[in-house]
Amino acid sequence: MKEINILSPCGMLGYGFPIESFERAFQEHQVDGIVVDAGSTDAGPHKLGANVSIVSRMALKKDLVNMIQKGLHYKIPVIIGSAGGAGAKTHVEHTIEVIKEILEEMNVHAKIGVIWADFTQQEIITAVEEERIVSLSPNIPPLTVEAIRKTNTIVAQMGHEPILEALERNCDIIICGRSYDPSPFAALGIYHGMDGGLSYHLGKILECGALCAMPGTTKDCILGTLKADSFTIQALNPIRTCTPTSVAAHTFYEKEHPFILHGPGFTLNLENCTFTDIGNGVVEVKNSQFIKDDVYRIKLEGASKVAYRTFVLAGIRDPLLIAQLDEVEQEVLHQVQTYFSEINPADYQVNFYHYGRNGVLGEQEPELFTGHEIGLMFEVLAQSQEIANAICANVRSTYLHYGYKNRKSSAGNLAFPFAPSDVEFGPVYEFSIYHLMEIQNSPFQLDVMEV
Amino acid sequence: MKLYEKAKILRSKNSGPFEVTLDILFDNQLDYEDVKNSGKVTKEAIAKAYNIALTDIHHFVFFDQAYGIKITIARKISSGSPGDRDVYGAQQHAPLMNIDV
């Protein structure tokens, strides 16, 4: 059986990669496809909610130029998973536009397959009514029609099936909307008749670029090779190497369980996998098991706008103030509420963060505070930017001049690093949909265009 | 000995926006087995270190092939929502470091 070499240039399209690593893949191997993941929910709900990208247009184009050039030259597919970050319509369109620009500049033509992953509110409401939706984990509340109506952008993670269709239609470049991260890699393997379990497990490792190597990074290339009953993985940069432990450990990176991985319509069981060093920094993996689920479910993601934010950064060095920080802030809040008596305190929220004390862990911080300086950040969240700005300015001025008990520093309590001190942040989003939806037929639509 | 002295990797990361997953990885079987058999890294110890209920721990699994322990806990506030302090969940591992093993 033929071996299939899949090149993953980097962990995120637009993160960049050393061109030498990329070239080495073609010098030393017969590459069957270039696949790159472009998406993540790691940066929070803002990308999906505000329809913006994770990487800059310039960085996106820089990476794509190299990939498209090689892909067209060797007549191998270039597949982009979760285009534009969140993989919604705007993100996909943005990616199409950049690719068209590249093709035009190169003065070449290509067949582009675009797979959309967007859903309308009504489609999800119908699914709720038909009881086809469940929460992904126990701490996610059941999905309500009200929550759906507040959610502007809704996508779902596609499996390999629609990507397979694009490959069967001989697309040179495939742009996927939101996809399960390993799916674009797995699709290429499955297209070539490889085992689903091995293809998906390899995809799970390749989607982060060279993060599975030592030293690990998302900004370098990695090569995966699918064989009849195993796959191998190797770094393409001589400064990195893969070890059985680095690859095994990466298998469970960012997942909730080390060896049971849930994907669209299937479960991957990696409990009996073996990871073997077969020399020259090549690690061989066997026994990745693909188990088709009885019910086909896809993961929905939706973000909605919940508030507007204004925030302030300041330092506090006065030990007398640090010693009574909590009491002071309570009093500051009280004065602000009294001043804005016409605004219901339930309509806005003021949060104080104390870096140096418990800025990261909050109430869960186990260490006792012993420092001499506090990095203070406070934010105001309100239903409009105007209210957030107004309240934040009032919190700031009240805090700055508040005459706490035994104060000696009557000129001011806060050291602002910036002028102006108040930063208007704009809308704040939250993941309002993060649920599994049962489907019968693939809802992901493929458009093929000759450009 | 503290856990951070024995482990090669001690990290935290989001596993989706509603969970944080903690990975404890060792670079040799001996250290891994030592910790696994010490009875010090348990669901109860994690609940105590993070001041959370046992039901907030969604997974607690030893993965022998990777010499690793994986613990997945519920986020009180989902990633990037108002009040969240760690969007990537990347600095939530610290309470594990001082567990005596």
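Structure report, in brief. (Residues numbered from 1 in each chain as written. Chains lettered and ligands numbered in written order. Predicted model: local features only at pLDDT ≥ 70, side-chain atom pairs only at ≥ 80, totals over all residues. Heavy atoms only, no water.)

Here's the deal with the sheet that holds strand E14 (residues 289–292) of chain A
Residue and element names in this part refer to chain A.
- In space, the 3 strands of this open sheet follow the order E10-E11-E14, with antiparallel pairing throughout. Each edge of the open sheet is held by one strand with a lone partner, namely strand E10 (260–263) and E14. Within this sheet the neighbouring strands show an average axis-to-axis angle of 25°, counted without direction.
- Taken together, the 4 bridges between strand E11 (residues 266–269) and E14 define a ladder with antiparallel strand orientation. Bridge pairing links asparagine 269 to glutamine 289 in E14. (Pairing = 2+ DSSP bridges. Helix = DSSP H or I, 4+ residues; strand = E, 2+ residues; numbered from the N terminus. Axes fitted to C-alpha atoms, helices over the stretch in contact; angles between N-to-C directions.)

Side note on the layout of surface pockets
- In this structure, the largest pocket encloses a volume near 1,000 Å³.
- When residues of the lining of the largest pocket are traced back to their parent elements, those giving at least two are E10, strand E15 (297–316) and strand E18 (422–438) of chain A together with strand E1 (9–14) and strand E3 (57–63) of chain B.
- In terms of residue class, the lining of the largest pocket is made up of 18 nonpolar, 15 polar and 14 charged.
- Within this model, the second largest pocket holds a volume of roughly 740 Å³. (1 Å grid on protein atoms, 1.4 Å probe; cavity = no way out; pocket = protein on both sides within 12 Å on 5 of 7 lines; lining within 4 Å. Points joined across faces, edges and corners; volume = space filled by probe spheres on them. Nonpolar A, V, L, I, M, F, W, Y, C, P; charged D, E, K, R; others polar.)

With respect to the interface of chain A and chain B
- Taken together, the contacts link 45 residues of chain A with 44 residues of chain B.
- Approximately 3,500 Å² of surface area, both sides summed, lies buried where chain A meets chain B, with 60% of it carried by carbon and sulfur atoms.
- Among the residues chain A hides against chain B, the three largest losses belong to Phe252(A), Glu256(A) and Gln364(A). Together they make up 18% of the total.
- Joining chain A to chain B, the criterion identifies 2 salt bridges.
- A salt bridge links Asp42(A) to Lys13(B), with the shortest nitrogen-to-oxygen separation between them at 2.6 Å.
- Our count for the chain A to chain B interface comes out at 15 residue pairs in polar contact (both at pLDDT 80 or more).
- Within the residue set of the side of chain A that touches chain B, elements represented by two or more residues are helix H10 (244–251), E15, strand E16 (348–355), strand E17 (374–382) and E18 of chain A.
- It is E18(A) that contributes the most residues to the side of chain A that touches chain B, 5 residues altogether. (Contact = heavy atoms within 4.5 Å. Buried area = accessible area lost by both parts, 1.4 Å probe. Salt bridge = Lys/Arg side-chain N within 4 Å of Asp/Glu carboxyl O. Polar contact = N/O pair within 3.5 Å; in protein donor to acceptor, adjacent residues only side chain to side chain.)

Some thoughts on the nonpolar core
- Judged by nonpolar contacts, the single largest core of 69 residues is most densely connected at Ile6(A), Ile115(A), Ile124(A), Ile174(A), Ile222(A), Ile233(A) and Met437(A).
- Judged by nonpolar contacts, the second largest core, of 36 residues, contains Ala25(A), Ile76(A), Val78(A) and Ile99(A). (Core = buried A, V, L, I, M, F, W, Y, C linked by side-chain atoms within 4.5 Å. Buried < 20%, exposed > 50% of the residue type's maximum accessible area, 1.4 Å probe, protein only.)

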